[in-house]
Amino acid sequence: MDGGAVGELEYENFNAAVAKVIFHGRNVHPGSAKHKMINSIRIANQFAIMLPRWETPEHTEGYEGFYHLTSIEGTVEKTVLTYIIRDHDRDRFERRKKELEHLTRKINHEFPGVAELDIKDQYYNMREKIDPVMHIVEIAEEAMRRAGVTPVVVPIRGGTDGAQLSFKGLPCPNIFAGGLNFHGRHEFVPIPSMEKATATIVEIAHLVAENNK
């Protein structure tokens, strides 16, 4: 129960990684800095604008992936850019990570030894684990219909505990919980939506019991 609006049924999510790009500079007095200073903030900015400008959360939807710069911490001597990398397609996801590696090498070619990259995978697209057991999605769809809800199958543009559970051996598509405006100060859950979610759970139990008679 980790979906959004009434009727949402999700069994695809992003492949996800987090990347830290660390830039090391050299600080000297600005009055005598020529050919001596290495300003890590400026180099980090150069790196950031090398990524595709339209492949960011604010310019993408549906199955479109992105690079998301989530934080910048910097001084002349050291700057850290933190990115999250997201894509539903595993091959494109891997290419996105390779692109960060390529850009890091490119920066280091111009400024030897300045940049280092650390990438860690976070989770993967649960569809890989759901496809072999699609009957569980069909049960959820039928349960919604019995509860008076029209199923709306959509990809998750984010992560979910269901992805972690699926890769640990428990295939786990997402059923709506009714929440709206997630991650904002106006996030809320209407009581009627929660009631529909509860009814859907009950119908899933009925269906599973019927199928195992």
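Relevant structure appears above.
Residues numbered from 1 in each chain as written. Predicted model: local features only at pLDDT ≥ 70, side-chain atom pairs only at ≥ 80, totals over all residues. Heavy atoms only, no water.

Engineer: Account for the overall build of the protein, with residues named and values stated.
Structural biologist: When helices and strands are tallied, the protein shows six helices and seven strands. Helices and strands appear in the protein in the N-to-C order β-β-α-β-β-α-β-α-α-β-α-β-α. In terms of overall size, the protein is more extended than a compact globule, its C-alpha atoms giving a radius of gyration of 23 Å where 213 residues would be expected to give roughly 17 Å. By principal-axis analysis of the C-alpha atoms, the protein measures approximately 80 × 35 × 25 Å. Taken across its 213 residues, the protein has 37% of its residues classed as buried. Across the protein, the fraction of contacts at a sequence separation of at least 24, relative to all contacts at a separation of at least 6, is 74%. Carbon and sulfur atoms provide 53% of the accessible area of the protein, an area that totals close to 12,400 Å². Of the charged side chains in the protein, 26 are positive and 30 negative; the average position of the first set lies 8 Å away from that of the second. (Helix = DSSP H or I, 4+ residues; strand = E, 2+ residues; numbered from the N terminus. Rg over C-alpha atoms; globule rule 2.2 N^0.38 Å. Buried < 20%, exposed > 50% of the residue type's maximum accessible area, 1.4 Å probe, protein only. Contact = heavy atoms within 4.5 Å. Areas by Shrake-Rupley, 256 points an atom, 1.4 Å probe, with all protein chains shown as cover. Lys, Arg positive; Asp, Glu negative; His and termini not counted. Charge placed at Lys NZ, Arg CZ, Asp CG, Glu CD.)

Engineer: Which residues make up the pattern of salt bridges, and what values go with them?
Structural biologist: Overall, the coordinates contain 14 salt bridges when judged by the stated rule. A salt bridge links Arg90 to Glu128; its shortest N-O distance comes to 3.8 Å. Placement of Arg90 in helix α2 (residues 90-110) and of Glu128 in helix α3 (residues 127-130) is noted, with a sequence separation of 38 residues between them. Since its relative accessible area comes to 34%, Arg90 is described here as partly exposed. The class for Glu128 is partly exposed, based on a relative accessible area of 46%. (Salt bridge = Lys/Arg side-chain N within 4 Å of Asp/Glu carboxyl O.)

Engineer: Run through the sheet that holds strand β1 (residues 8-10), naming residues and quoting values.
Structural biologist: The mixed open sheet is built from three strands, whose spatial order is β6-β1-β7. Two strands bound the open sheet, and with one partner strand each, they are β6 (152-153) and β7 (174-175). Pairing of β1 with β7, which is carried by two bridges, proceeds in the antiparallel orientation. Its bridge partner being in β7, Glu10 is matched across the sheet by Asn174. In the packing of helix α4 (residues 135-146) onto the sheet, the strands contacted are β1, β6 and β7, and the crossing angle to β1 comes to about 175 degrees. (Pairing = 2+ DSSP bridges. Axes fitted to C-alpha atoms, helices over the stretch in contact; angles between N-to-C directions.)

Engineer: Residue-level account of the pairing of strand β4 (residues 78-87), with values.
Structural biologist: Burial of β4 is extensive: nine of the 10 residues sit out of reach of the surface. For strand β3 (residues 66-74) and β4, the ladder comprises eight bridges, and the chain directions are antiparallel. Of the residues in β4, the one forming a bridge with Glu73 is Val80. Between β3 and β4, which follow one another and run antiparallel, lie three residues.

Engineer: Quick rundown of the layout of surface pockets? Include the residues and the values.
Structural biologist: In this structure, the largest pocket spans a volume of roughly 500 Å³. Contributing to the lining of the largest pocket are 18 residues, with Ile156, Arg157, Gly158, Phe182 and His183 lying nearest its centre. Counted as a void, the second largest pocket has a volume near 240 Å³. As for the second largest pocket, its lining consists of 14 residues, and the residues nearest its centre are Ala48, Thr56, Tyr67, Leu69 and Tyr83. Listed by contribution, the elements that provide at least two residues to the lining of the second largest pocket are α1 (40-48) and β3. Here the lining of the second largest pocket takes three residues from β3, the largest share from any one element. (1 Å grid on protein atoms, 1.4 Å probe; cavity = no way out; pocket = protein on both sides within 12 Å on 5 of 7 lines; lining within 4 Å. Points joined across faces, edges and corners; volume = space filled by probe spheres on them.)

Engineer: Residue-level account of the packing of aromatic side chains, with values.
Structural biologist: In the structure shown here, the tally under the stated rule is four aromatic pairs. For the pair Phe14 and Phe66, a centre-to-centre distance of 5.4 Å together with 85 degrees between the ring planes defines the contact as edge-to-face. Taken together, the residues span a long stretch of sequence, with Phe14 in the loop between β1 and β2 (15-24) and Phe66 in strand β3 at a distance of 52 residues. The rings of Phe23, Phe47 and Tyr83 are connected pair by pair, giving a single aromatic cluster. Note that Arg96 overlies the ring of Tyr67, its terminal NZ or CZ placed 4.9 Å from the centroid. (Phe/Tyr/Trp six-rings, centres within 6.5 Å; stacked < 30°, edge-to-face > 60°. Lys NZ or Arg CZ within 6 Å of the ring centre and 35° of its normal.)

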